[in-house]
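Residue-level structural notes
What follows is each chain in one-letter form.
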Amino acid sequence: MTKLTEHPSEGGQTRSENGRVSSVNGQPTPEAGQLSSPEALDEVRAVAARISDSMTRVIEGKLEVVQMAIAVLLAEGHLLIEDVPGVGKTMLAKSLARTIDCTVRRIQFTPDLLPSDITGVSVFNQDVRDFEFRPGAIFANVVVGDEINRASPKTQSALLESMEEGQVTVDGRTYELHRPFIVMATQNPIEMEGTYPLPEAQRDRFMARISMGYPSAASEVAMLDTHGGVPPLASLTPVTDAPTVARLIAVVRDVWASPAIRQYVVDLSTATRESSALRLGASPRATLHMLRAARAVAALDGRDHVLPDDVQQVAVPVLAHRLILSGEAQLSRRTAEDVLREILRRVPVAATRR
Amino acid sequence: MRTRVPEAFLAFAATVAAVLGLTTLTTTGNWLATAVWTCLAVAVAGIGLRRLTSRGWVVLLGQVVLVGWFVIALFARSSLTFGLPGPAAIARLGDLVADVTDVLHKYAAPIPTTPGVEFLLVSAVTVLALVVDYLAVTRNAPAAAGLPLLAAFLTAAANSGSSLAPGYFLVAALVWLILISRQASGSVRRWSTTMASPRTPTTSSDHESEAMGGFGSSARQLGVVALVAAVLLPAIIPHLPTRFILDGLGRNDSAVGNGGRVGFSSTLDLTRSLQDGSLNPVFSYRTSAPGTPPPLRVVVTSDYVGGQWRTSPGAQSSQQDLTAPGLISPDVAVQDRTFAVTQNTLEAPHIAAPQPVVGADFGSTPWGADPRTGDLYVRARPDSYSVTYREVNVAPAQLRDGIPGGASGQNDPQVTGSLGVDQGSAQVVNDLVAKITAGTKTSYDAAVAIQNWFRTTGDFTYSLTLAAPAVDGAGQPVTNPITNFLLTKQGYCVQFASAMIMMARAKGIPARMAIGFLPGTFAEGGYTVRAADAHAWPELYFPGAGWLRFEPTPAGRTGSAPAYTTPTTLGNTTGPNKDPSASVTASAAPSSGVARKLGADTAAGGTISTPLSDRVRIWFTDPGHLVLLALLLGLLGSLVLPVTARLVHRRRRLRSLDAAELAEAQWDELVSRLTDLGFRPPDGGTLRDWRAHYTREAYFDDAAKASMGHVVATLERTRYARPGRAQVDVREDLRVITRAAAESRPRGLRLRAFLFPRDGLEWWSRLTNAVTGVPGRLVAPFARRLGRLGRLGRLGRSPRRRG
């Protein structure tokens, strides 16, 4: 049973701006200070504020979660939303997708979902007497993967490999995915029944894992008020579009990370690898993701440079899902978050003395 | 543990070491053996009693009873009844105390060791031993025991009358330091009451000994540095004459061992010396001269400026050139005499001697003579010295007729410089000279006439109190001291001498001012000179005879005038020592009640002025000024650390090459100053964490919060933003923050933060480490080489020789 839902692009571009950005993928250089100019940063903040405003109309009282989701979007990462059913994981993913005027696809993962359903398949077209590629659900700017741990590992890996590479290869032909491209996957905690927990290597591909958590009592009451009538998602209109997001992503890439910050990020990763409470520490990819997420957070704060505070803010969401606790730590009922917070306290904040 | 045997014996050793100096106060030191036995008794009794009880006061009481009995048994054994002290023993002790009182009244240190004195000293030492044992061992506070030990040492140092050898101090201080170090290391070892046992085998004992070694070595360094400083520093610090610091204490002449010294230079204000009623000798001397020796000159000067005599400061040469006698013609009868001074207390550089001197022996003391005047100077005060001086027996007839071949002195600046008449009094002087010397044919006769006028015919009154200023024709008070003296005819030697010099100069005779002492009082074959014997007299130059002393001050004070100034032909004197008509109204030896208004005297009188260096010295020797100076020095000293900290901060600011270094320097300064104020920095965390921490701890107001935000933002930018930013100086923000932080702190803490900034302390401790590490660094290469040699030697001996 596969259910593919396509949200066609809704018209009405919010802002039409002449893209000053020449190359989205261009590597930033220290001298290229124009990308993260104060005006560009202002735009980042403004767009982020619009997205966040829209989303919080649907997701009550979860500003930090929303901010983290936006940061992951701007940092070109993929988001893993993990929590018990019914706290609004899908709502979060869909609301983020809705606020951006771009192609959005939602994949409901089930045990019988096939890899070709995601990547696409070549079918023989009788008219032209040739194989014709029919793109899968992944060919969109925003892909919402619901309950990803319900699919078989085979299907999961099909999604995750294309996530990392940004392209799909079918029958020897390579197809580029859309830009910007973000996968927002939700999953239930692995203790729940009927799930195939993601392997470590695949969890590593998600930039950050966030938990929704239960709403506060006040937010829940407010939710009852607003959600009583119309479906909340229907009221959302896009506040930005894909080219704008792509431009913002370029700005975020250009945020300056000083040698001290880079050293600090590496120090944190090293500390997880050396911690006796962890069986598996952070990968180099995790280090990369951490710095990218920190850049996004810095840009969202209107800064053109990363502070240790930014790194500390993203460290737990970025690293926690990649770590595997040692047997002792599990027995003493510590969580990866606890271990990470302790590492954050312990690792000295690097300060350059040039 | 409780008995503390090593500590008890160390306390015993410290007591004995501290009282070693007391042996210098007595003629024989055999009382010390008895005292050592009683101290030992104190220590042993303490050990035994501490084994029995842990209560400190019980131990002390037991010690007092036991050792008290021991002392009484030592000194009044025959009076004990059944081994216990009774009334007879108390009477015996009373006798001993009476003996002590008697001895102390009769003798100055060193005092003879009579049984009473021995009893006193042994009792005192025993009490000291009890106190030290109680504090250092029973109470386990050896630092407090330092005070009684110091008191004992100071008793010896203060009463011996001479300086105590540094060895006495070193021994006592060392033993005390060992006592302290033992107690300190003991208490450090007892820090943890339970022993931690590691699960895995570790070399924890090594760590412990390492840590202890660290404590011990820094303590030892401190101790050694303090000891060395205590011994070496006095060599660098200038010695102020002790009598000034003890001025108030040392007034009592009957005090035992009061050896007052007289600094002549500092009492050139002769009125003070003249009024000095003390009988303390300045020096004693013997001389081969028959009869009364001449006055003893200390300095001579011919500069009279502004109503004051000035001694020329550049005259203190190290030349030992005694050419002044060359002025005396061979025709004049001379006789060399010896003059030997003992117990000299006159402060360097001055030396009292009859002039002219032709030879001198100061032993090892460096000395020199002023080639122009013949005045002698020494580098340090010699205890005793001897000089040979030339007694000039020129005949009056020779002086009157002129000595053939005598040097006119025209080329001698000393002579030509001694002719200027004080302009302020020239009128009066010239008039008087014309009147007095009317009818005299030669300079010599004129000089004799002037002297006689002062001594006899002029109706002068010798008094230490100067008369109120006379009123001149215009009704104005006379301000010129010489004129005033000539009009009021009342004064003392300085005025007499000054006036005669001016009158002689008016007559064309070179004349100068000599200052020194009268011959003093004769007793037991020698003379003793006291401060009250200070004197001033004129010296007149006569070709062929050199500088001759005249004596215008009336005979009641000075005795007879020199023989060559009393020509029998004139007939107005009946012989030496007789001056019948000398009218002396003041008492010959001026009592201390004669004059007390010093200020008025110096204002009205022609006092002797002193060069700047002497005036500075006089200023320094005033007790009030000393206190002021001490306060000033203390104030300056307390500013050393704050100033150092400021300079350290300033240097870092100035040395910072770019914005980053400047921001880091200013941040470090801020953290350091906040830490001084008691706001400890958080452990770890980002700059924003620190900002939040300080804001929370110090209750910053909005301005300080803004400044803190600015400082942190600046530092964040320099640390983490793209390089190449403009330099931002946040000094004003720092000021706002530190002021806001200080306002929330108690006053004492703020003062401490100001006086003892950690950056200043750190700088000085680094400096100290660098300095104290120098010997180690110097020795290290040799030690390494030695070690290498040793290894090589071993290798050489080993059968498997390399290479």
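Conventions and cut-offs
Residues numbered from 1 in each chain as written. Chains lettered and ligands numbered in written order. Predicted model: local features only at pLDDT ≥ 70, side-chain atom pairs only at ≥ 80, totals over all residues. Heavy atoms only, no water. Helix = DSSP H or I, 4+ residues; strand = E, 2+ residues; numbered from the N terminus. Contact = heavy atoms within 4.5 Å. Areas by Shrake-Rupley, 256 points an atom, 1.4 Å probe, with all protein chains shown as cover. Axes fitted to C-alpha atoms, helices over the stretch in contact; angles between N-to-C directions. Parallel < 35°, antiparallel > 145°, perpendicular 65-115°, else oblique. Nonpolar A, V, L, I, M, F, W, Y, C, P; charged D, E, K, R; others polar. Patch = residues over 30% accessible without salt bridge, like charges linked within 9 Å, V, L, I, M, F, W, Y side chains within 5 Å. Salt bridge = Lys/Arg side-chain N within 4 Å of Asp/Glu carboxyl O. Buried < 20%, exposed > 50% of the residue type's maximum accessible area, 1.4 Å probe, protein only. Phe/Tyr/Trp six-rings, centres within 6.5 Å; stacked < 30°, edge-to-face > 60°. Lys NZ or Arg CZ within 6 Å of the ring centre and 35° of its normal. Pairing = 2+ DSSP bridges. pLDDT = per-residue confidence, 0-100. Left-handed = near helix turned anticlockwise from the far one by under 90°. Polar contact = N/O pair within 3.5 Å; in protein donor to acceptor, adjacent residues only side chain to side chain. Buried area = accessible area lost by both parts, 1.4 Å probe.

When you go through chain A residue by residue, the secondary structure sums to 13 helices and 14 strands. Considering only contacts within chain A whose residues lie at least 6 apart along the sequence, 80% involve residues at least 24 apart. Accessible surface for chain A amounts to roughly 16200 Å². Of this, 52% is attributable to carbon and sulfur atoms.

Another point: the environment of V478 of chain B. Here V478 of chain B is to be found in the loop between β10 (461–462) and α15 (481–488). Sequence-wise, V478 of chain B and A468 of chain B are 10 residues apart; in three dimensions their C-alpha atoms are separated by 9.5 Å.

A word on the packing of helix α13 (residues 426–436) of chain B against α15 of chain B. Residues and elements named next belong to chain B. For the pair α13 and α15, interaxial distance at closest approach is 9 Å and the crossing angle is 40 degrees. By the criterion of interaxial angle, the relationship of α13 to α15 is oblique. Packed against α13, whose contacting residues are V428, V429 and L432, the element α15 presents I482, T483 and L486 at the interface. For the contact of α13 with α15, the residue count by class is five nonpolar, one polar and no charged.

Residues and elements named next belong to chain B. There is a patch of nonpolar side chains on the surface, built from L632, L633, L636, L639, V643, L647 and F754 and spanning about 660 Å² of accessible area. Elements with a contribution of two residues or more to the nonpolar patch: α20 (623–638) and α21 (640–655). Residue contributions to the nonpolar patch peak at three residues, all from α20. As for its position among the elements, L632 is in helix α20.

Counted according to the given criterion, the structure contains 33 salt bridges over all chains. Here R253 of chain A and E76 of chain A are joined by a salt bridge, their closest N and O atoms 2.6 Å apart. Of this pair, R253 of chain A sits in helix α8 (residues 242–253) while E76 of chain A is found in the loop between α2 (63–74) and β2 (79–82), placing the two residues 177 residues apart along the sequence. For E76 of chain A, a relative accessible area of 21% puts it in the partly exposed group. In this structure, the salt-bridge partner of R735 of chain B is E732 of chain B, at a minimum N-O distance of 2.9 Å. Taken together, the residues R735 of chain B and E732 of chain B, both in helix α25 (residues 731–743) and three residues apart, mark about one turn of the helix. Salt bridges sharing common partners tie together E164, D204, R285 and R322 of chain A.

Scanning the entire structure with this criterion turns up 27 aromatic pairs over all chains. Consider the rings of F133 of chain A and F139 of chain A, whose centres lie 5.8 Å apart with planes at 70 degrees: the pair is edge-to-face. Assessed through its relative accessible area of 16%, F133 of chain A is described here as buried. Relative accessible area serves as the criterion here: at 8%, F139 of chain A is assigned to the buried category. Geometry around W547 of chain B places R512 of chain B over its ring, the cationic atom sitting 4.1 Å from the centre. Lying over the aromatic face of F679 of chain B, R745 of chain B brings its terminal NZ or CZ to 4.4 Å of the ring centre.

A few words on the sheet that holds strand β13 (residues 521–523) of chain B. All names here are of chain B. Spatially, six strands are ordered β6-β9-β5-β1-β14-β13 in an open sheet, and the strand pairing comes out antiparallel. Two strands in the sheet have a free side with no partner beyond their single neighbour: β6 (357–361) and β13. Averaged over all neighbouring strand pairs, the angle between strand axes comes to 30 degrees, with direction disregarded. Judged from the three bridges that link them, β13 and strand β14 (residues 526–530) form a sheet pairing that is antiparallel. Across the sheet, residue F522 finds its bridge partner in β14, namely Y527.

Moving on to the confidence of the model for chain A. Confidence in the prediction of chain A, expressed as mean pLDDT, is 82, and 88% of residues score 70 or more. Mean pLDDT across the elements of chain A ranges from a minimum in strand β1 (residues 4–7) of chain A, with 42, to a maximum in helix α10 (residues 284–300) of chain A, with 94.

Residues and elements named next belong to chain B. Where α21 meets helix α22 (residues 659–676), the axes come as close as 8 Å, and the angle between the chain directions of the two elements is 160 degrees. Accordingly, the angle class assigned to the pair α21 and α22 is roughly antiparallel. In this structure, the crossing between α21 and α22 has a hand that is left-handed. Each of R646, H649, R652, R653 and R655 in α21 lies in contact with α22, whose residues at this interface are E661, L662, E664, A665, Q666, D668, E669, S672 and R673.

To continue, consider the pairing of strand β7 (residues 142–146) of chain A. Residue and element names in this part refer to chain A. By the criterion of burial, β7 is predominantly enclosed, with five of the five residues buried. By the bridge criterion, five bridges tie strand β4 (residues 104–108) to β7 in an arrangement that is parallel. Along β7, the bridge assignment pairs Q108 with D146. Inspection of the sheet shows β7 paired to strand β10 (residues 182–187) by four bridges, in the parallel sense.

All names here are of chain B. With respect to the element layout, T138 can be found in helix α5 (residues 115–138). Within polar-contact distance, the side chain of T138 engages the side chain of R50 at 3.0 Å. Setting aside chain neighbours within four positions, we find T138 in contact with R4, R50, G56, V59 and D133.

Our next topic: the interface of chain B and chain A. Tallying the contact residues gives 18 residues for chain B and 25 residues for chain A. Ranking the residues of chain B by area buried against chain A places T686, Y720 and R722 of chain B at the top, with a combined share of 46%. Scanning the region where chain B abuts chain A turns up two salt bridges. Counting every contact that joins chain B to chain A gives four residue pairs in polar contact (both at pLDDT 80 or more). Contributing elements (two or more residues each) for the side of chain B that touches chain A: α22, α23 (687–698) and α24 (702–720) of chain B. Grouping the amino acids of the side of chain B that touches chain A by side-chain chemistry returns four nonpolar, three polar and 11 charged.

Okay, the side chain of R303 of chain A next. Structurally, R303 of chain A can be placed in the loop between α10 and α11 (308–319). Here the side chain of R303 of chain A touches H305 of chain A through a polar contact of 3.1 Å, landing on its backbone oxygen. Sequence-distant contacts of R303 of chain A, that is, excluding residues within four places in its chain, are made with L41, V255, A298 and D310 of chain A together with R688 of chain B.

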